[in-house]
Structures are given as structure tokens and as C-alpha cells.
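# Geometric and topological summary
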Amino acid sequence: MTDIIAGVEIPGTSAVAEATDFLRERTGPLIFHHSRRVFLFGSLHARELGFRPDPELLYISAMFHDAGLLIPFSETRQRFELDGADHARKFLLDRGFSGSAAEVVWRAIALHTTPGIPGRMDPEVAATNYGVLTDAVGWGLDRLDGDELDEIVAAHPRGDFKKEFLRAFVDGLEDRPETTYGTVNADVLEHFVPGFRRTSMVERILDAPWPR
């Protein structure tokens, strides 16, 4: 049976089903519902703005974009966005997707918290970022149809999203604070983790091992 929410069809492919199961089994309701909302909001923004991401690749991007908060990809301590991107790329390549398709999804996830750049890139990259911005900070809510918005939230409830989402960031990043340098993730740790202080670019330049 076709799954349609707010006029957006969930792609009925095996990869989409497996990605859904992957996230449902390895994360929890907070990240699962958030990720599905990201796909739906991103799809609606793409429609409204007149560009056409591949629905399957957009769905995979949305479902894996925050996976790195909970599932490190390797022993390498890296930004959580890269963990999620690496998971998604391996997931796609293991299932026979082309390298170019896997790289589009990798970029969408790796850049989803980076301001200003995703909107100039592939449709899947832009739509993932727009979906994230809508669900996290309310970007573009005024452009969404009220009935469609209600249908999405009914299908994938927000609950106490603001508090729980910030907690998920703290839990996922406080043991690797150095990976938040230069990112919005440092905002979260500086607000919630006692004693954490971000390193600024000014300090890095002034402390560099050059005489002047």
C-alpha cells in the first residue's frame, strides 16, 4: 500500500524500507520521527521552490542525517555529520547504488548543518538542509500549507522536541567536544556542558607556532 503523507509519497523501494528499519531499530522515536519529518518538509520545500530531488536519495539522506549522533561509524573521532554520511554511503554502495548517487547523499548529510552552502548544491543536498532547518528552527514554516503541516505532525509527532533534541546533541557530542570546532554544534555544548568553552579562530591564529 502506498504511503502518502501531506501529498508526499514515501518511495516504495527496498532501500527505503531497509533504511526505515535501520533507523527504527538503532535509534529511537525522537530521531526516527524527526528524520521522517525532514524528508517530508524537504520534499514540500522542493516542490514549492521548483526543484526535483530524487525521492529515494532524499529519503536516505533524511533518514541517516542524524544517525551519527548515536552510531559512530568507526573508531575515528569525527563530526557526527561525517559519521552519518559515512553510514549512508556504505549503506548505498552495499546495495548496488552508483558511486555518484552515494556521494550526493554523503554531501547532503555531511553539509546538513552548514549554513549557506547546501542551497547552492544538488537538489537532494538543498532539500535535506531545508527539511532540517524547518524541523529544527522553523525555517520556512510560513510557506507550508497549514493542513499539510498538521498532517505531518500527526503522523510523526514532535512531542517535547526542543528539549529532547538538544539533549540528544549533548549526549552525542560531549565525549568528543573537539569535533564541534567551527560548527553550530559548539553552541549546544557551550550552553549545556559546564566548563565547555569553544575555541575561536582568533585564538588559533594567535597561538599558531609562527613568530608573527
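To start, this report covers the structure provided alongside it. Bear in mind that the values here come from a model prediction, so they are computed numbers and not experimental data. (Residues numbered from 1 in each chain as written. Predicted model: local features only at pLDDT ≥ 70, side-chain atom pairs only at ≥ 80, totals over all residues. Heavy atoms only, no water.)

### A short note on the overall build of the protein chain
Each helix and strand in the protein chain was counted, giving 10 helices and two strands. Across the protein chain, helices and strands are ordered from the amino to the carboxyl terminus as β-β-α-α-α-α-α-α-α-α-α-α. What you see for the protein chain is a C-alpha radius of gyration of 18 Å, in line with the 17 Å of a compact globule of 212 residues. The principal-axis extent of the C-alpha atoms belonging to the protein chain is close to 65 × 40 × 35 Å. Relative to its 212 residues, the protein chain shows a buried fraction of 47%. Across the protein chain, contacts joining residues at least 24 apart in sequence account for 63% of those joining residues at least 6 apart. Of the charged side chains in the protein chain, 23 are positive and 34 negative; the average position of the first set lies 5 Å away from that of the second. (Helix = DSSP H or I, 4+ residues; strand = E, 2+ residues; numbered from the N terminus. Rg over C-alpha atoms; globule rule 2.2 N^0.38 Å. Buried < 20%, exposed > 50% of the residue type's maximum accessible area, 1.4 Å probe, protein only. Contact = heavy atoms within 4.5 Å. Lys, Arg positive; Asp, Glu negative; His and termini not counted. Charge placed at Lys NZ, Arg CZ, Asp CG, Glu CD.)

### Let's talk about helix 6 (residues 123–137)
Helix length check: helix 6, at 15 residues, gives a terminal C-alpha distance of 21 Å against a target of 21 Å (1.5 Å per residue), a fit within 8%. Most of helix 6 is tucked away, with 11 of its 15 residues classed as buried. Inspection of helix 6 places E124, V125, A126, A127, T128, N129, Y130, G131, V132, T134 and D135 among the buried residues, and these make up the whole buried set. (Expected span 1.5 Å × (residues − 1).)

### Topic: the nonpolar core
Membership of the largest hydrophobic core comes to 53 residues, with the highest contact counts inside it found for F39 and F64. For this core, the secondary structure elements donating two or more residues are helix 1 (14–26), helix 2 (29–49), helix 3 (55–64), helix 4 (80–94), helix 5 (99–110), helix 6, helix 8 (161–173) and helix 9 (185–192). Ranked by residues supplied to this core, first place goes to helix 2 with nine residues. Filtering out sequence-adjacent residues up to four positions away, F64 remains in contact with A19, F22, G84, H87, A88, F91 and I109. (Core = buried A, V, L, I, M, F, W, Y, C linked by side-chain atoms within 4.5 Å.)

### Observations concerning the packing of aromatic side chains
For the coordinates displayed, the defined rule picks out eight aromatic pairs. Here F80 and F169 contribute two aromatic rings whose centre-to-centre distance is 5.4 Å and whose plane-to-plane angle is 85 degrees, an arrangement assigned as edge-to-face. Here F169 lies in helix 8 and F80 lies in helix 4, a separation of 89 residues in the sequence. Both residues of the pair, F80 and F169, count as buried. A network of ring pairs unites the aromatic residues F80, F161, F165 and F169 as a single cluster. One Lys or Arg, R37, reaches over the ring of F161 and ends 5.1 Å from the middle of that ring. R95 extends its terminal NZ or CZ atom over the ring of F91, reaching a point 3.8 Å from the ring centre. (Phe/Tyr/Trp six-rings, centres within 6.5 Å; stacked < 30°, edge-to-face > 60°. Lys NZ or Arg CZ within 6 Å of the ring centre and 35° of its normal.)

### Some words on helix 2
Taking 1.5 Å of rise per residue, 21 residues should cover 30 Å, and helix 2 covers 30 Å from first to last C-alpha, within 8% of that figure. Within helix 2, 17 of the 21 residues are buried, which leaves it mostly tucked inside the rest of the structure. Backbone geometry just downstream of helix 2 places G50 in the positive-phi region, at approximately 85 degrees.

### Observations regarding the packing of helix 3 against helix 5
For the pair helix 3 and helix 5, interaxial distance at closest approach is 9 Å and the crossing angle is 40 degrees. Between helix 3 and helix 5, the angle is such that the two are oblique. Regarding helix 3 and helix 5, the two cross each other, and that crossing is right-handed. Here helix 3 contributes L57, I60, S61 and F64 to the contact with helix 5, which in turn contributes A101, V105, A108 and I109. Across the contact of helix 3 with helix 5, the residue classes break down as seven nonpolar, one polar and no charged. (Axes fitted to C-alpha atoms, helices over the stretch in contact; angles between N-to-C directions. Parallel < 35°, antiparallel > 145°, perpendicular 65-115°, else oblique. Left-handed = near helix turned anticlockwise from the far one by under 90°. Nonpolar A, V, L, I, M, F, W, Y, C, P; charged D, E, K, R; others polar.)

### What about the environment of G140?
Examined against the element boundaries, G140 turns out to sit in the loop between helix 6 and helix 7 (146–155). It is 9.3 Å that separates the C-alpha atoms of G140 and F41, two residues lying 99 residues apart in sequence.

### A closer look at the environment of P211
You can see P211 is positioned in the segment after helix 10 (201–206). Through-space distance from the C-alpha of P211 to that of L40 is 53 Å; in sequence the pair is 171 residues apart.

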